[in-house]
Structures are given as C-alpha cells and as structure tokens.
Amino acid sequence: MNAIVVLCHFCELHGPRTLFCTEVLHAPLPQGTGNGDSPGQSEQPEEEEGGIQMSSRIRSHSPAEGASADSSSPGPKKSDMCEGCRSLPAGHPGYVSHDKETSIKYVSHQHPNHPQLFSIVRQACVRSLSCEVCPGREGPIFFGDEQHGFVFSHTFFIKDSLARGFQRWYSIITVMMDRIYLINSWPFLLGKIRGIIDELQGKALKVFEAEQYGCPQRAQRMNTAFTPFLHQRNGNAARSLTSLTNDENLWACLHTSFAWLLKACGSRLTEKLLEGAPTEDTLVQMEKLADLEEESEGWDISEEEDGKPSSQAGIGEGCRLIKSPTDSSLMLDCGSWNGAARNQSVFRSLRHLRQVLGASAFHMLAWHVLMGNQVIWKARDLDLVQSAFDVLRTMLPVGCVRIILYSDKYEEAYRCNFLGLSPQVPVPPHILSSEFAVLVDVRTATRSSLYPVLFDDEQPLSKYEFVVTSGSPVGTDRVGPTILNKIEAALMNQNLSVDVVDQCLICLKEEWMNKVKVLFKFTKVDSRPKEDTQKLLSILGAAEEDNVKLLKFWMTGLSKTYKSHLMSTVRSPTSSSLESRN
C-alpha cells in the first residue's frame, strides 16, 4: 500500500510533532542511506517475522537526530526538540524491513527523508492534533484533499503522572493520496490501529499506577497550587514514550506493527480489470466476499473475547464452512471427509452429466434446477455430490445458488436449493411427493454395464445407478423454459466443444438476467399493473408459465448493489409534480 503510517504527539512545549513514521520504498534504498548489503559491523543479523525479513541498518544520517548540517534537510533542529519530541536516540540507524515476496522495503525513522513528504506529514500531524478531531478528542476521523493527501487519524491519550491532567495526547495517522482506497480500508485500519493503541495505553497505565502508588501527584499538586506548574516539575515536563510505557523495545515493536499494517492493508484489496460493466455474478461474488470478511472478523473478535474458538450457530458438530472452488458462495464441509484432498471432478461438464443420467432424467433435473426447486442428492461418494453440484450450478446465477454440500439431516428448501445427504438420511414423505423437489438417488449398480465405461477415468461411475424421481415428473414432451431448450440444444450439438458450450451458457444466463432486470424495475420499482406486465413478458418472449416462474426465481439472485441503485434513483411523486409544474 502506497501510504505512510505516523505516530504523532502533542508536546506541551513545542506543539504537534511527529515521533515515528514507517513508509514504503518500492525502489532500492539510496546509496547514502546504507553501507552496502554485505554483512558486517554496520548490519545486524536479520530475522524473519510474518514473511518480512527484519534488519537494522546504519545510515549516513538519521533524520531522528535532528542535527544535520544541511539546513535544507527535513525535520526540526536539535535545539527545538525535547525528550518528549524525540523517538530514536542520536545515532540510531532506524529500521528497515525487506518484503521478499514483493521486493518492497519498509523504512521507519522519526521523519520522512523526502522534503515534500515531510511537509505533507507535518501538516497532517498538526491537523490531527489541533482542528481535525472527533468529539471527546479521542477516536478516528478522516480528512484531507487532493493536494496534501488524505488522512485516517486516530487520536488517543496516554497516562502520565507528570503531565497536565495526568495524560498526554497522541495520534496515529495513515496518509495516502488514494481517497477511495483509504476509505475502503477504514474498517481494517480502525481495528488494527485500535489494537496498537490499546497495547500502548495498557503499558502506560501500569507505569502510571505504579508511580501514583509510590508518589501520588494529585495531593502534591494541591499543596503547591499557587506555584507555576511548569517550574514545579523539575524539568520533567517532557517524557519520552518509552519512559511512559517502560518499554525499551517500543520503537522496534511499532516498526514491526506499522510494516505489517502497510503490507496487510495493501494485500487485502486488489484491483481487477473489468471489460465493460460488471456482470451480476461478479457483483454478487464481490458482495459475498465482503460479507465473508465481515463474518470472519466477527468470529475473530468473539474468539478473543471468549478465549476459545467460536462455533457458528446452525451448523452441526464436525462441520465447517468452506469456499467453493468456482466462486465465493458458502458450502458445508463435514468432518467425515477427514480433511482429505479433493479428487478430480467426477463429472467433467454439463454434457458429461447428461450422458451419465440420460436425456430424460437430465431434462427433469435441469428443469427443477432452473425453476429454483430443491435438488437432493443421496450418495456415499461425497466427491461425486460436489462434482454434480459444481456442474449443475453453472446453469444458475451465482445469487440463486445456496448449497449445503453434506448434512446428517434433511434441510428445508428455504435454506438451500442444493442438498447433499448420505443414503441413511430419510427424506420426509411430503418432500418426496412434492412438485417442488427432485431426488437423485445414487445406488450401487447391480451390473457393471449399467453405465458404459468410455474412458479409464470414468471407471468409478460404472459402480453406480442414478435414479431421478420427483412428485411432479417433467415429461420430455413438455416445452419447458426457453433457456432449457437452448441449453439442451447446445449440449446435443457435438460440433460444439465443451469450452464453447460453457461460453454459450454464460451468454444465455446474461440474456435472461437482463430480462430479469427489466422485469424487476417494471414490477418492483415502477409498480406497473398486471396488464402491462403481461405485455412486457410477451415482448421479452417470456410469457409462458415456466418462463415466468424462472424469471421470478432468478430475480432473487440480483445483487444488492443493483437493487439499491434502482431504489435510489426512484423519484418521489412530490418531486415529479414540482418538476412538471416548473
């Protein structure tokens, strides 16, 4: 992440000052900032922590010293710095971390080396500790502009028995030029920076309580109430943060935390090149990834509070959530798999599944899938169930897919439209006779020739017999939804390769999702009467009963982004009437 993280302090003598900063260097360090890469007296042994190689290197000048002879060098002069304004002692080389994965260096010192960057950080420091504060003077805030960069600032207090009000004011700021990126990183930065602040405040509180126990300052100050306050502290008005926390390795720890923060924040968000407008599947996948990240953060917080691993409600013992290899939708992975590695797909494609099941059984199964009815697979081979679901789900938009890969009991249709069960799990009789469910019972074949073995890798399929049943059988002579007829036509066309069929399926789904969008806006947003809706369906070529059911089911797969966008653009009747009058 192209940003700089800075620890700032409001000094009672000198005002806002930068104490410690960590910046990202994509290019090699300048020659003047190091004495070569050969190990020696000038370079300490390197350590690895979290994939980042840590080292401390001596540079020819240290901005933290503030004693450079060059008047143009950034940073205040040594005479303008007190003990509370200085982080690294004179002659300290600073810290450099090497990210071996990206060849990026994370450099920490008191002030940035570049004069322009120093000016930006200095201004952000002053604003974070003066005018840009939230109510209570402690908490996060966002400010900035295109010229001076954008800032995420979190102000906080550190206990000090010798300070006014027994506390000193600090802030941790993150400065970068990308406003959108910084705003999107707000939840992540807030949680991690809050953790750093809590650790600093905890250490300082222990020191404060020990000092107050040994020599209470409140009573002493009341006895000398008429004496000038600053002169009564015997020169202890400025205390370093290492003294307040009693941690000699404080700056090394802060460097590690800031370097990890920059690396992790830069890794969690990536740019993706999109050609044209994103599809509904892409939007739904992005929303599910965001929800998954929020849930994982919530689980982490609950684990920290409870001190034990959290268990998600509604999931049986021995089950865990996993991500599908094809997209980000959630499935259940049970402990009966014993963490075994997934085998190669049993069903290679939709065409292969049709060949295995037969044209009639596949037609019935595909009809129920497209209509949104519950598809139940009962089998012992869990690889076979997952492979079947991975193939069947390609016929539906991502937002319409809800899978429970394997369960030790029957799950209702509102929870999933794809359900995997073991052969011993009973299915309720009303489900077996329902027209809104289809059951695929994978049984052990009585003869090995039930399914002809065409290739060696299809040998496992020869052991099974597939029985597809439903309370409302779909005849092959039934017209069915238009998209199903086109899918079956593409599957039967042997001149089309599997890759071409996959692209054809994507185009068909996009075509019908566009019809779904038109119908959603027409009925849900514009609230048109039924007569107009029937005319619209005729224009869309979807007036048949099966097509209407399909459109209504696929409407549930629209992304939240699209729905909220449509709802926000709806004009109120009052505003429309005012515009018509004008």
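Not measured: the values here are computed from a predicted model.

1. Brief notes about the overall build of the protein chain
Working step 1: In terms of helices and strands, the protein chain carries 17 helices and 16 strands.
Working step 2: The buried share of the protein chain, taken over its 582 residues, is 46%.
Working step 3: Of all intrachain contacts in the protein chain linking residues separated by at least 6 positions in sequence, the fraction that spans at least 24 positions is 69%.
Working step 4: Accessible surface for the protein chain amounts to roughly 30500 Å². Of this, 53% is attributable to carbon and sulfur atoms.

2. A look at the confidence of the model for the protein chain
Regions with low pLDDT should not have their predicted coordinates read in detail.
Working step 1: Per-residue confidence for the protein chain gives a mean pLDDT of 76, with 71% of residues at or over 70.
Working step 2: Of all the helices and strands in the protein chain, strand β10 (residues 319–323) carries the lowest mean pLDDT, 35, while strand β14 (residues 418–421) carries the highest, 94.
Working step 3: Counted against residues more than four places away or in other chains, residues 56–73, with its pLDDT under 50, gives 44 contacts.

3. Details of helix α6 (residues 250–268)
Working step 1: Compared with an ideal rise of 1.5 Å per residue, which puts 19 residues at 27 Å, α6 spans 27 Å between its outermost C-alpha atoms and is within 8% of the ideal.
Working step 2: If you check which residues of α6 are buried, you get L250, W251, L254, H255, F258, A259, L261, L262, K263, A264 and C265.

4. What to know about the pairing of strand β15 (residues 437–444)
Working step 1: Within β15, six of the eight residues are buried, leaving the element largely enclosed by the surrounding structure.
Working step 2: Note that strand β12 (residues 374–378) and β15 share five bridges and pair parallel. Looking across to β15, one finds that Q374 is bridged to A437.
Working step 3: Two strands pair when backbone bridges link them, and β15 and strand β16 (residues 464–470) are joined in this way by seven bridges, in the antiparallel orientation. Residue pairing for β16: L439 is matched across the bridge by T469.

5. A few points about the nonpolar core
Working step 1: If you look at the biggest cluster of nonpolar residues, it comprises 66 residues, and the most contacted ones within it are F347, W377, L392, F466 and W554.
Working step 2: Looking at this core, the element that brings in the most residues is helix α13 (residues 498–525), giving 10 residues.
Working step 3: In terms of nonpolar packing, the next biggest core, distinct from the first, is built from 38 residues, Y170, Y181, I193 and A259 among them.

6. Some remarks on the pattern of salt bridges
Working step 1: This model, assessed by the stated rule, comprises 16 salt bridges.
Working step 2: Between D99 and K263 there is a salt bridge; the shortest N-O distance is 2.8 Å. Taken together, the residues D99 in strand β5 (residues 95–99) and K263 in helix α6 connect sequence positions 164 residues apart. Taken as a pair, D99 and K263 share a single burial class, namely buried.
Working step 3: One salt bridge connects K203 with D247, and the closest N-O pair in it is separated by 2.6 Å. Here K203 is found in helix α3 (residues 186–214), whereas its partner D247 is found in the loop between α5 (241–245) and α6, with 44 residues between them in sequence.
Working step 4: For K203, a relative accessible area of 23% corresponds to the partly exposed category.
Working step 5: Beyond isolated ion pairs, a larger network of salt bridges with shared partners links D99, E101 and K263.

7. Let's talk about unusual backbone geometry
Working step 1: Not every positive phi belongs to a glycine, and S103 is a case in point at roughly 55 degrees.
Working step 2: On the secondary structure map, S103 appears in the loop between β5 and β6 (104–109).
Working step 3: The phi angle at N246 is positive, at roughly 55 degrees, despite the residue not being glycine.
Working step 4: Assignment of secondary structure puts N246 in the loop between α5 and α6.
Working step 5: With a relative accessible area of 62%, N246 lands in the exposed category.

8. With respect to the sheet that holds β16
By way of backbone hydrogen bonds, the strands of a sheet pair with one another, either parallel or antiparallel.
Working step 1: What the five strands build is an open sheet, ordered β13-β14-β12-β15-β16; its pairing is mixed. Here the strands that pair on one side only, and so sit at the sheet edges, are β13 (403–407) and β16. Direction aside, the axes of adjacent strands within the sheet are offset by 15 degrees on average.
Working step 2: With four bridges connecting them, β12 and β14 associate as parallel partners. Bridge assignment links W377 to a residue of β14, and that residue is G420.

Here is what the cut-offs are and how they apply
Residues numbered from 1 in each chain as written. Predicted model: local features only at pLDDT ≥ 70, side-chain atom pairs only at ≥ 80, totals over all residues. Heavy atoms only, no water. Helix = DSSP H or I, 4+ residues; strand = E, 2+ residues; numbered from the N terminus. Buried < 20%, exposed > 50% of the residue type's maximum accessible area, 1.4 Å probe, protein only. Contact = heavy atoms within 4.5 Å. Areas by Shrake-Rupley, 256 points an atom, 1.4 Å probe, with all protein chains shown as cover. pLDDT = per-residue confidence, 0-100. Expected span 1.5 Å × (residues − 1). Pairing = 2+ DSSP bridges. Core = buried A, V, L, I, M, F, W, Y, C linked by side-chain atoms within 4.5 Å. Salt bridge = Lys/Arg side-chain N within 4 Å of Asp/Glu carboxyl O. Axes fitted to C-alpha atoms, helices over the stretch in contact; angles between N-to-C directions.

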